[in-house]
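For reference, the chains in residue letters:
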Amino acid sequence: MTARQAERRRAARMRGLRGLLVVLVACAVGLFFLIVPFRALLPARALPPRGEGEMRLHFLSVGQGDCTIVEFPDGDALVVDGGDGSFAANDALVRYLKGLDVSSLTLIATHADADHYAGLTEVLRVFGAEQVYLPVIASSESAYRRFLDAVEQEGCRVDTLVRYDVIARPSGAYAVCISPHAAGETDENEASVALFLYYEGVRILLSSDMSAVRERALLAELSLTDAIFDSGEYAVRLRDIDLLKVAHHGSAGASCAEWLTYLSPATAVISCGAGNSYRHPSQDTLARLAQVGADVYRTDACGNVLVTVSGGGMTVTFA
């Protein structure tokens with residue numbers, strides 16, 4: 001064998017070893033991200049710390065979707081919907097949750113529209129959860145199947161929320177589901193979870209995607225007694241509430257005049273995407289909110305809206 005032939009063989013062996021090393025590194029990286037989701041490596045968003053005894057609500061800007069984080073005074077959090085699962089929305093949600101550094105998570109998918117539940121799949125992969133509440137009406141979409149697979153893989157407790165179900169905290173904060181009914185639901189939007197929150201005298205309603213049809217049905221029940229939605233010791237009073245999470249991204253088909261007049265919210269938050277094709281929020285809805293004197297905050301204009309509840313009052317800032 002000549003010196004030139006020997007050199008060629010050594011060069012070939014080196015190329016082979018380098019190729020093998022590249023393959024091994026690629027396999028190791030792939031295996032790592034199978035075990036550890038890449039978003040777990042994202043930096044936490046810088047957020048102001050929660051004060052002692054405060055409950056905070058974070059209405060996240062996740063495009064044309066919904067995501068509300070209820071940060072209880074004891075350090076646990078309730079994630080009500082998780083946005084549409086898009087790359088940008090998932091990044092924002094994961095970084096925000098890392099910035100909050102809560103002790104444990106409970107997830108609620110209010111209904112089976114992807115702009116509400118899809119982002120919860122990534123939350124489960126990165127953070128896990130103690131409990132997940134599923135919608136009363138499922139979906140046949142592949143994204144919903146992936147969500148259910150993530151729930152099963154996490155092995156957390158699973159339930160649904162229907163009227164009179166309560167989520168209570170040691171601090172005295174609680175949430176009561178006022179809709180949907182336990183049975184007979186056929187429409188996803190009308191069957192979406194409407195959640196009443198209470199802490200230190202402050203009353204909040206998260207409306208999800210219910211329309212004026214469900215609002216008027218609830219009003220008919222409230223005409224019997226203001227206490228119709230009380231659940232045992234947990235009172236629900238909707239008249240003259242402090243904060244309304246406006247239904248269906250401010251759609252014209254929700255937030256009817258009679259409903260808003262009854263609620264008469266001091267503050268309203270609308271979750272919607274900038275320049276969305278639905279033209280949410282509707283000018284009609286904004287006019288109705290103005291008519292009842294509500295201060296309106298929109299995620300498309302304000303970004304993340306942070307509501308802090310403490311000492312019987314609340315303040316609105318931006319995060």
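What you see is a predicted model; the values in this text were computed from it and never measured.

Peer 1: Where do I start with the overall build of the protein chain in this structure?
Peer 2: Tallying secondary structure elements over the protein chain gives nine helices and 15 strands in all. With 319 residues in all, the protein chain has 50% of them scored as buried. Across the protein chain, the fraction of contacts at a sequence separation of at least 24, relative to all contacts at a separation of at least 6, is 67%. Only carbon and sulfur atoms are counted for the fraction: they give 53% of the accessible area of the protein chain, which is about 14300 Å².

Peer 1: Before we go on, may I ask you to explain the sheet that holds strand E15 (residues 313-318) in this structure?
Peer 2: For sheets, the rule is that strands pair by backbone hydrogen bonds, running either parallel or antiparallel. Read across the open sheet, the eight strands follow the order E6-E5-E4-E3-E2-E1-E14-E15; overall the sheet is mixed. With one partner strand each, in any of the chains shown, strand E6 (157-160) and E15 form the two edges of the open sheet. Recorded for the sheet is a direction-independent mean angle of 15 degrees between the axes of neighbouring strands. Here helix H2 (residues 87-100) sits on the sheet in contact with strand E1 (55-59), strand E2 (68-71), strand E3 (77-80) and strand E4 (105-108), set at roughly 5 degrees to E2. Docked against the sheet, helix H5 (residues 142-154) engages strand E5 (131-134) and E6, running at close to 150 degrees with respect to E5.

Peer 1: Even after reading the chapter, I still don't get the packing of H2 against helix H4 (residues 120-127), so can you show me in this structure?
Peer 2: To characterise two packed helices, one gives the angle between the axes of the helices and the distance between these axes. Direction vectors running N to C along H2 and H4 enclose 45 degrees, while the axes themselves pass 10 Å from each other. Judged on the interaxial angle alone, H4 and H2 are oblique. Where H2 crosses over H4, the two elements pack in a sense that is right-handed. Here H2 contributes Asn-90, Leu-93, Val-94, Leu-97 and Lys-98 to the contact with H4, which in turn contributes Glu-122, Val-123, Val-126 and Phe-127. Its residues assigned to classes, the contact of H2 with H4 shows six nonpolar, one polar and two charged.

Peer 1: Honestly, the nonpolar core in this entry has me stumped. Any pointers?
Peer 2: Counting residues in hydrophobic clusters, the biggest one holds 33 residues, and the most contacted among them are Ile-69, Val-79, Leu-105, Leu-107, Leu-124, Val-132 and Phe-147. Elements represented by at least two residues in this core include exactly E3, H2, E4, H4, E5 and H5. For Leu-105, the residues in contact, after removing those within four places along its chain, are Ala-77, Val-79, Leu-97, Val-123, Phe-127, Gly-128, Ala-129, Glu-130 and Gln-131.

Peer 1: I keep staring at the packing of H4 against H5 and nothing clicks. Help me out?
Peer 2: The interhelical angle for the contact between H4 and H5, taken along N-to-C directions, is 25 degrees, at an axis separation of 9 Å. By the angle between their axes, H4 is roughly parallel relative to H5. Note on packing geometry: the crossing formed by H4 with H5 is left-handed. Together, Leu-120, Thr-121 and Leu-124 of H4 and Arg-146, Phe-147, Ala-150, Val-151 and Glu-154 of H5 make up the contact between the two elements.

Analysis parameters
- Residues numbered from 1 in each chain as written.
- Predicted model: local features only at pLDDT ≥ 70, side-chain atom pairs only at ≥ 80, totals over all residues.
- Heavy atoms only, no water.
- Helix = DSSP H or I, 4+ residues; strand = E, 2+ residues; numbered from the N terminus.
- Buried < 20%, exposed > 50% of the residue type's maximum accessible area, 1.4 Å probe, protein only.
- Contact = heavy atoms within 4.5 Å.
- Areas by Shrake-Rupley, 256 points an atom, 1.4 Å probe, with all protein chains shown as cover.
- Pairing = 2+ DSSP bridges.
- Axes fitted to C-alpha atoms, helices over the stretch in contact; angles between N-to-C directions.
- Parallel < 35°, antiparallel > 145°, perpendicular 65-115°, else oblique.
- Left-handed = near helix turned anticlockwise from the far one by under 90°.
- Nonpolar A, V, L, I, M, F, W, Y, C, P; charged D, E, K, R; others polar.
- Core = buried A, V, L, I, M, F, W, Y, C linked by side-chain atoms within 4.5 Å.

These figures come from the coordinates and say nothing about function on their own.
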